[in-house]
Amino acid sequence: MGSSPSILHGPLRPAGVGVWSVPLRYGDPGRAAEAAAELEELGFTALWLPDTGGSVLESVENLLKATERTTIATGVLNLWMHDPAQVAATYAELREAHDDRFLLGIGVSQAAVVDASLEPGRYRKPLSAMRAYLDDLDAAPAPVPSDHRVLAAIGPKMLTLSAERAGGAHPYLILPDSTREAREILGTGPLLAPEQTVVLTDDADEARTIGREFLSGYLSFATYANKMLQSGFSSDDVETVSDRLVDALVVWGDEDAILRRVDEHLDAGADHVALQVLTGDMMELPMQQWRRLGAALGDRGATA
């Protein structure tokens, strides 16, 4: 079983294993709420919602209302698409109404996404933009406490900022070796909660087909492509999305195979691992797979 740094875990420092999910954010709100309630009973300690603009805080509220103990987190709120003063005001309302269970994850996204969604040239100086956004959250009438927010971070500068100005980091699409590097930069205190993509199947062809389709879009962004090159993969691995790269980033197999990867992240210094389950349909709620994983969690769910 994996180990984690000796720090206290509260509602906004989730331990164990959580769920990172597109359909919980963009699917039918009623079905998402029902799924969230079941995921809580299955033992998942946090639910992470992505954001490409729109009513992400409404989705957060929907899941907060559906649960009693689970941390609901943005994984992550796109800072270019949300006014910080309004985010701070809504955060304060949700925190008051729902037992302080909302963890605000914030990220700078990618230039291609932001410029296409807003206007060309909007994306610039992401590190400075993050600092300014945090300044605005701090200056709001009801500030978002630094230990109630985490930053999307895989590079050393953003990880350092995560330790200085936030409660920790929520890295996306990384390997356990990168989790270890992130812990070294963050130090022993801040929360480290990486996302891990998985496919619950023993069929290699099926898993690699699903994984390759998923990864192709992300690896078109320099942030992720460069991280893979730094992690020892070749430019050919990245360009072709090779089997080697798919197998490294998208863990597939049975429950034991997936929980072994969870333990690798925990042993590398993670406090919490958010599992993103792929089925080939990004808008499908993978209830069967979540139930299988929940049954296999054992004491990892809340006490890892």
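So, here's what we can say about the structure. Here, residues in each chain are numbered from 1, in the same order as that chain's written sequence. In view of the model being predicted, local features appear only for residues whose pLDDT reaches at least 70, and side-chain atom pairs are presented and counted only at 80 or more, with totals across whole chains, interfaces and linings using the full set of residues. Only heavy atoms go into the side-chain values, all of them from the structure, while hydrogens and water stay out.

**Examining the overall build of the chain**
Consideration 1: To qualify as a helix, a DSSP run of H or I must reach at least 4 residues; to qualify as a strand, a run of E must reach at least 2; elements of each kind are numbered from the N terminus. Scanning the chain from N- to C-terminus turns up 15 helices and 11 strands.
Consideration 2: Relative to the 2.2 N^0.38 estimate, which gives 19 Å for 304 residues, the radius of gyration of the chain is 18 Å and therefore close to what a compact globule would have.
Consideration 3: C-alpha atoms of the chain, sized along the principal axes, occupy 55 × 40 × 40 Å.
Consideration 4: Sorting the 304 residues of the chain into buried and exposed places 55% on the buried side.
Consideration 5: Working rule for contacts: check all heavy atoms of both residues, and any pair within 4.5 Å makes them a contact. Looking at the chain alone, contacts between residues at least 24 apart form 75% of all its contacts between residues at least 6 apart.
Consideration 6: The Shrake-Rupley method, run with a 1.4 Å probe sphere, supplies the accessible areas, and residue values consider only the shown protein chains as cover. Approximately 12500 Å² of the chain is accessible, and the part contributed by carbon and sulfur atoms is 49%.
Consideration 7: Of the side chains in the chain, 25 bear a positive and 45 a negative charge, and the two mean positions are spaced by 5 Å. Only the C-alpha atoms count toward the radius of gyration. The rule for a globule is 2.2 Å times the residue count to the power 0.38. When a residue's accessible area, from a 1.4 Å probe over protein chains only, is under 20% of the maximum for its type it is buried; when over 50% it is exposed; and in between it is partly exposed. We treat Lys and Arg as the positive residues and Asp and Glu as the negative residues; His and chain ends play no part in the count. Taken as the charge centre is NZ of Lys, CZ of Arg, CG of Asp or CD of Glu, depending on the residue.

**Things to note about helix α9 (residues 204-218)**
In an α-helix, one full turn covers 3.6 residues, which means residues spaced three or four apart are oriented alike.
Consideration 1: Compared with an ideal rise of 1.5 Å per residue, which puts 15 residues at 21 Å, α9 spans 21 Å between its outermost C-alpha atoms and is within 8% of the ideal.
Consideration 2: Pairing of N or O atoms within 3.5 Å defines a polar contact, subject to two protein rules: one partner must be a possible hydrogen donor and the other a possible acceptor, and residues neighboring in sequence count only if both atoms are side-chain atoms. Sitting at the amino-terminal end of α9 is Asp203, which places a side-chain oxygen 3.0 Å from the backbone nitrogen of Asp205. By definition here, a helix of n residues has an expected span of 1.5 Å times n minus one.

**Some thoughts on the pairing of strand β5 (residues 102-107)**
Consideration 1: Burial runs high along β5: six of the six residues are buried.
Consideration 2: Burial along β5 is two-sided: the residues Phe102, Leu104 and Ile106 and Leu103, Gly105 and Gly107 are all buried.
Consideration 3: When strand β3 (residues 71-74) meets β5, the two strands line up parallel, connected through two bridges. Paired with Ala73 across the bridge in β5 is Leu103.
Consideration 4: As defined by bridge partners, strand β4 (residues 77-78) adjoins β5 across two bridges and the pair is classed as parallel. Across the sheet, Asn78 pairs through a bridge with Gly107, a residue of β5.
Consideration 5: A right-handed crossover is one whose linking path, passing over the helix from the first strand to the second, runs clockwise when the strands point away from the viewer. For the segment spanning β4, helix α4 (residues 84-97) and β5, crossover handedness is right-handed. For two strands to count as paired, DSSP must find a minimum of two bridges between them.

**Overview of the packing of helix α13 (residues 255-267) against helix α14 (residues 287-297)**
Consideration 1: The contact between α13 and α14 brings their axes to 10 Å, and the two run at 65°. Pair α13 / α14 crosses with right-handed handedness. Side by side, α13 and α14 meet where Glu255, Ile258 and Leu259 of the first sit next to Arg292, Leu293, Ala296 and Leu297 of the second.
Consideration 2: Of the residues that constitute the contact of α13 with α14, the class distribution is five nonpolar, no polar and two charged. Think of each axis as a best-fit line through the C-alpha atoms, taken over the contacting stretch in the case of a helix, with angles from 0 to 180 degrees between the N-to-C directions. It is the rotation of the near helix from the far one that decides the hand of a crossing: anticlockwise by less than a right angle makes it left-handed, clockwise makes it right-handed. Side-chain classes follow a simple rule in which Ala, Val, Leu, Ile, Met, Phe, Trp, Tyr, Cys and Pro form the nonpolar group, Asp, Glu, Lys and Arg form the charged group, and the remainder, Gly included, forms the polar group.

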